[in-house]
Amino acid sequence: MTSELKKDFTYHSVCLGEDLCKGCTTCMRYCPTQAIRVQNGKAKIIREKCIDCGECVRRCPYRAKKVVSDTFSALDNYKHCVALVAPAFCGQFSKAVDINVILTGLKKIGFDDVFEVARGAEVITEKTRQILADNNNPKPLISSACPAVVRLICVRFPSLVDNLIPLTSPMEVAAQLARKEAREKTGLADEEIGIFFISPCPAKVTAVKQPLALKKSDVSGVIAVKDVYMRLAQALGTIKSVEKLSVAGKSGVRWARSGGEAEALGIRNYIAVDGIHNVTKILEELEDEKLGNIDYIEALSCTSGCTGGPLNVENGFVANSRIHNLTENMENKLGDCSDVQLFWDKKIDYKPFSPLDPDLNEAMRKMQMIEEIYDRLPQLDCGSCGSPTCREFAEDIVRGKAQERDCIFRLREKIEMLAKEITELSKMINE
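Residues numbered from 1 in each chain as written. Predicted model: local features only at pLDDT ≥ 70, side-chain atom pairs only at ≥ 80, totals over all residues. Heavy atoms only, no water.

### Let's talk about the nonpolar core
Soluble globular proteins tend to pack their nonpolar side chains together in the buried interior.
Alright, step 1. Core analysis: the largest hydrophobic core is formed by 36 residues, its most contacted members being Val 85, Phe 89, Leu 106, Ile 109, Phe 111, Val 228 and Leu 232.
Alright, step 2. At the level of secondary structure, the elements contributing two or more residues to this core comprise strand S5 (80-85), helix H4 (99-108), strand S8 (193-199), helix H9 (225-236) and helix H13 (316-327).
Alright, step 3. The next biggest cluster of nonpolar side chains, apart from the first, holds 35 residues, and it includes Ala 121, Ile 124, Val 208 and Cys 337. (Core = buried A, V, L, I, M, F, W, Y, C linked by side-chain atoms within 4.5 Å. Buried < 20%, exposed > 50% of the residue type's maximum accessible area, 1.4 Å probe, protein only. Helix = DSSP H or I, 4+ residues; strand = E, 2+ residues; numbered from the N terminus.)

### What about the sheet that holds strand S9 (residues 221-224)?
Alright, step 1. Pairing in this open sheet of four strands is parallel, and the strands run S6-S5-S8-S9 from one edge to the other. Edge positions in the sheet fall to strand S6 (113-116) and S9, since each of these pairs with one other strand and no more. The mean inter-strand angle of the sheet, taken between neighbouring strand axes irrespective of direction, is 30°.
Alright, step 2. Bridge analysis of S5 against S6 gives four bridges, and the strand direction is parallel. In the sheet register, Leu 84 faces S6, and the bridge partner there is Phe 115.
Alright, step 3. The sheet contacts of helix H5 (residues 117-132) involve S5, S6 and S8, and relative to S6 the element is tilted by about 30°. (Pairing = 2+ DSSP bridges. Axes fitted to C-alpha atoms, helices over the stretch in contact; angles between N-to-C directions. Contact = heavy atoms within 4.5 Å.)

### Here's the deal with the packing of H4 against H9
Alright, step 1. In contact at an axis separation of 9 Å, H4 and H9 are set at 105° when each is read in the N-to-C sense. When the axis of H4 is compared with that of H9, the two are roughly perpendicular. Two secondary-structure elements touch here, H4 through Val 101, Ile 102, Gly 105, Leu 106 and Lys 108 and H9 through Val 228, Leu 232, Ala 235 and Leu 236.
Alright, step 2. Of the residues assigned to the contact of H4 with H9, the class counts are seven nonpolar, one polar and one charged. (Parallel < 35°, antiparallel > 145°, perpendicular 65-115°, else oblique. Nonpolar A, V, L, I, M, F, W, Y, C, P; charged D, E, K, R; others polar.)

### Considering the environment of Phe 111
Alright, step 1. Structurally, the position occupied by Phe 111 is in the loop between H4 and S6.
Alright, step 2. Since its relative accessible area comes to 2%, Phe 111 is described here as buried.
Alright, step 3. Sequence-wise, Phe 111 and Asn 100 are 11 residues apart; in three dimensions their C-alpha atoms are separated by 14 Å.
Alright, step 4. Apart from residues no more than four positions distant in its own chain, Phe 111 is found in contact with Phe 72, Leu 75, Cys 81, Val 82, Ala 83, Leu 106, Phe 196 and Ile 223.

### Thoughts on the pairing of S9
Residues in a regular strand point their side chains to alternate faces of the sheet.
Alright, step 1. Burial of S9 is two-sided: the residues Gly 221 and Ile 223 facing one way and the residues Val 222 and Ala 224 facing the other way are all buried.
Alright, step 2. When S8 meets S9, the two strands line up parallel, connected through four bridges. In the sheet register, Phe 196 faces S9, and the bridge partner there is Gly 221.
Alright, step 3. Taking the sense of rotation as the criterion, the β-α-β connection linking S8, helix H8 (residues 202-209) and S9 turns out right-handed. (Right-handed = clockwise from strand over helix to strand, strands pointing away.)

### Some points on a negative patch on the surface
Alright, step 1. Taken together, the side chains of Glu 285, Glu 287, Asp 288 and Glu 289 make up a negatively charged region of the molecular surface.
Alright, step 2. Residue Asp 288 is classed as partly exposed on the basis of its relative accessible area, which comes to 48%. (Patch = residues over 30% accessible without salt bridge, like charges linked within 9 Å, V, L, I, M, F, W, Y side chains within 5 Å. Areas by Shrake-Rupley, 256 points an atom, 1.4 Å probe, with all protein chains shown as cover. Salt bridge = Lys/Arg side-chain N within 4 Å of Asp/Glu carboxyl O. Lys, Arg positive; Asp, Glu negative; His and termini not counted. Charge placed at Lys NZ, Arg CZ, Asp CG, Glu CD.)

### Side note on the pattern of salt bridges
Alright, step 1. A complete count under the given rule lists 26 salt bridges for this structure.
Alright, step 2. The shortest N-O distance in the salt bridge between Glu 192 and Lys 79 comes to 2.8 Å. A residue pair is termed long-range when its members are at least 10 positions apart, and Glu 192 in the loop between helix H7 (170-186) and S8 and Lys 79 in the loop between strand S4 (65-67) and S5 qualify at 113 residues.
Alright, step 3. Residue classification places Glu 192 among the partly exposed residues on the basis of a relative accessible area of 23%.
Alright, step 4. The exposure class assigned to Lys 79 is exposed, which follows from its relative accessible area of 61%.
Alright, step 5. Linking Lys 226 and Asp 227 is a salt bridge whose minimum nitrogen-to-oxygen distance equals 3.6 Å.
Alright, step 6. We classify Lys 226 as partly exposed; its relative accessible area is 41%.
Alright, step 7. Classification of Asp 227 as partly exposed rests on a relative accessible area of 33%.
Alright, step 8. In the salt-bridge network here, residues are joined through shared partners; they are Arg 37, Lys 49, Glu 392 and Asp 396.

### Some points on the state of the cysteines
Alright, step 1. The tally for this structure, following the rule as stated, stands at zero disulfides.
Alright, step 2. For Cys 385, which is in no disulfide, the shortest distance to another cysteine sulfur is to Cys 382 and amounts to 6.1 Å.
Alright, step 3. Exposure remark for Cys 385: the relative accessible area of 17% places this residue in the buried category. (Disulfide = S-S within 2.5 Å.)

### What to know about a nonpolar patch on the surface
Alright, step 1. The grouping of Leu 425, Met 428 and Ile 429 at the surface amounts to a nonpolar patch, some 360 Å² of accessible area in total.
Alright, step 2. By secondary structure assignment, the location of Leu 425 is in helix H16 (residues 408-430).

### Here's the deal with H13
Alright, step 1. The end-to-end C-alpha separation of H13 is 16 Å, in line with the 16 Å expected for 12 residues at 1.5 Å each.
Alright, step 2. By the burial criterion, the buried members of H13 are Gly 316, Ala 319, Asn 320, Arg 322, Ile 323, Leu 326 and Thr 327. The buried residues of H13 occupy an angular sector of 165° when projected down its axis, which confines them to one face.
Alright, step 3. Tucked into the core, H13 has its buried residues touching H4 and helix H10 (250-253).
Alright, step 4. The N-terminus of H13 is capped by Asn 315, whose side-chain oxygen sits 2.8 Å from the backbone nitrogen of Phe 317. (Expected span 1.5 Å × (residues − 1). Arc of directions from axis to C-beta. Polar contact = N/O pair within 3.5 Å; in protein donor to acceptor, adjacent residues only side chain to side chain.)

As structure tokens, this is what we get:
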């Protein structure tokens, strides 16, 4: 693990509002990387394990999990601002029967120009086809479009890192192209141009603020879909003249939903999986060599794809239907792979969690301690101790983060034993 890569996991867009947290353990039970503990009545996030998938944001009944993103005031820092519009964003509005209406509306609420991320998806589609045609690559190849899935692989499945296609995301490709167009239109320098991605998920916020496989993101800032939605929803009703701004094709826009990427590639032997827990199961099967003759895995952290992101407003399945309707009469278009940085410029090789001990012999001794403690535990994974599983609890004990009496079953055994001893002592005194 290099020091550079350690830094890559120090920034997180997902954070906890302790004043709202009730310590209910819901977030802990659903976290796909077991990155959450509940201690002293409050949830705690283990930063080295968090992948910013937003599952805790989605699940928390008290809205105690927050996503930190940019606000509209960030636009004031630039002379020319471009909105990067993800395909999923177009499925949020029931009254929009044309993508051009949405794009025109964005220019009404403060952006100087717009650029469709679907155009970046078309470029990545074309390059991926070329990579798939090379039989020297490992199979199956795994899409690297979802930053939460890339981080999940780094955290839980390091043996699968080489299966990831080392291509940058459609968002980054779109940012490069948008910046180039803005320079040509305005004559401004890069530092005077703001490229703002409207994001459906926290993982993309993190991917911009601290890229995992890039030295620097071309995106200037990230604004959550829900923060743009209210402004735009009000503006849509006031549009009198719709500009023809959309140039993306069907295949790029349909990347918004699960299966859209693989559909655009036109391949047969693939798996399209969505939902972070479903993704985890597929990766476990791949690691165990159970998947058979599969060439490609499209894996998306959010259920139904990017339309199901926790920063969206609309139900993901409803948004998917709208995306389908919006693209029904569109043509498929090819992306131009020239003059764009497509490949990662940093190597991904990350081991997430600190070792039990820097000394190998001591680490082995602690591993044995974990097994011994685990054998004493009920192995019910109830979570009442504040750790997600009994094995994680055993490790927390060895790391000095918990005590065995935190397990209510072990505590009950001790209380029962103490009560028995008191009863026997009382009998002895009475005799």
